[in-house]
Amino acid sequence: MTRHELIRQIKTKRSFLCIGLDTDIDLIPPHLLDSEDPVFEFNRQIIAATADLCVAYKPNIAFYEGRGVAGWKSLQKTWEALPKDCLRIADAKRGDIGNTAKRYAQAFFDQGTSGLGFDAITIAPYMGHDSVQPFLGFEGKWGIVLALTSNAGGLDFQTIADEQGVQLFERVIQKTNTWGDTGNLMYVVGATRGEAFATIRKHAPDHFLLVPGVGAQGGSLRDVCKYGMNADCGLLVNATRSIIYASNGLDFAEQARREALALQQEMERELLASGVL
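Here's what I pulled together on the structure shown here. Keep in mind that what you see is a predicted model, and the values were worked out from it rather than measured.

### A short note on the sheet that holds strand 6 (residues 185–189)
Read around the closed barrel, eight strands run 1-2-3-4-5-6-7-8, paired in parallel fashion. In this sheet, adjacent strand axes meet at a mean angle of 30° when their direction is disregarded. Of the strand pairs in this sheet, strand 2 (residues 56–59) and strand 3 (residues 87–94) are connected by two bridges, and their pairing is parallel. If you follow Ala56 over to strand 3, its bridge partner there is Leu87. Docked against the sheet, helix 1 (residues 3–13) engages strand 3, strand 5 (142–148), strand 6, strand 7 (208–211) and strand 8 (235–239), running at close to 60° with respect to strand 7.

The structure is reproduced here in structure tokens:
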């Protein structure tokens, strides 16, 4: 999916919602456990209930890898079920160098090789240029670099300042900006770091930002939009638990839609107020 196509979907659906598919077999409704593939069946129903309300889906690969071969089969079927008009993000947080990074890129981007053809992947940039560049060489694909994360431990390193007073996450953005462009590079910025969005926009005014932390983690959508939205929207705001685990009963998909609709409507108001629509 190109940048132009993503922006078109945001304006068409009046939404910049990304739904995380961090599907934990221990948390899905019990009645699904009798299904041939409970994880996929859960995902299938969530996707069917929400596809018109979001512009991206983000399976967290750990929840699939942790189940071995069965998990990879669930991931394969989930990828096949994801709507083609949504950005399909592999939340894999890969970060290695050379041929290893190249193989990771093939695993998630090259459908002919692996059977998976995600549009984007999250990347840990700690090992530098040669750990990121292999993901940026696929036409129409995106690398989403971890910049400032929403977890408490993110402050252990990401906000350390150098002698010029520049924080590490700022250096990450400054440097990686030279490796890609606004058509193949995004950044992960946690919604619980709302005060930092103005700083981030100084370094990456036009890039898309993938923003976890709204919903169950307590991040403010209004603050994210106030400081992070640009002329093209420039945001993909992710919600996971507040949507996919809104109910543990027979109505789980219906309740997921209710939560997604509430967020989409709030996003529509923000898009109108900002002049994007």
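### Description of helix 2 (residues 38–50)
For helix 2, with 13 residues, the first-to-last C-alpha span of 18 Å sits near the 18 Å given by 1.5 Å per residue. Among the 13 residues that make up helix 2, 10 are buried, leaving the element largely enclosed by the rest of the structure. Inspection of helix 2 places Pro38, Val39, Phe40, Glu41, Phe42, Asn43, Ile46, Ile47, Ala49 and Thr50 among the buried residues, and these make up the whole buried set.

### Things to note about a nonpolar patch on the surface
A surface patch of nonpolar side chains, about 370 Å² in accessible area, is lined by Ile97, Tyr126 and Met127. Mapped onto the fold, Ile97 is located in the loop between strand 3 and helix 5 (98–109).

Calculation notes
- Residues numbered from 1 in each chain as written.
- Predicted model: local features only at pLDDT ≥ 70, side-chain atom pairs only at ≥ 80, totals over all residues.
- Heavy atoms only, no water.
- Pairing = 2+ DSSP bridges.
- Helix = DSSP H or I, 4+ residues; strand = E, 2+ residues; numbered from the N terminus.
- Axes fitted to C-alpha atoms, helices over the stretch in contact; angles between N-to-C directions.
- Contact = heavy atoms within 4.5 Å.
- Expected span 1.5 Å × (residues − 1).
- Buried < 20%, exposed > 50% of the residue type's maximum accessible area, 1.4 Å probe, protein only.
- Patch = residues over 30% accessible without salt bridge, like charges linked within 9 Å, V, L, I, M, F, W, Y side chains within 5 Å.
- Areas by Shrake-Rupley, 256 points an atom, 1.4 Å probe, with all protein chains shown as cover.
- Salt bridge = Lys/Arg side-chain N within 4 Å of Asp/Glu carboxyl O.

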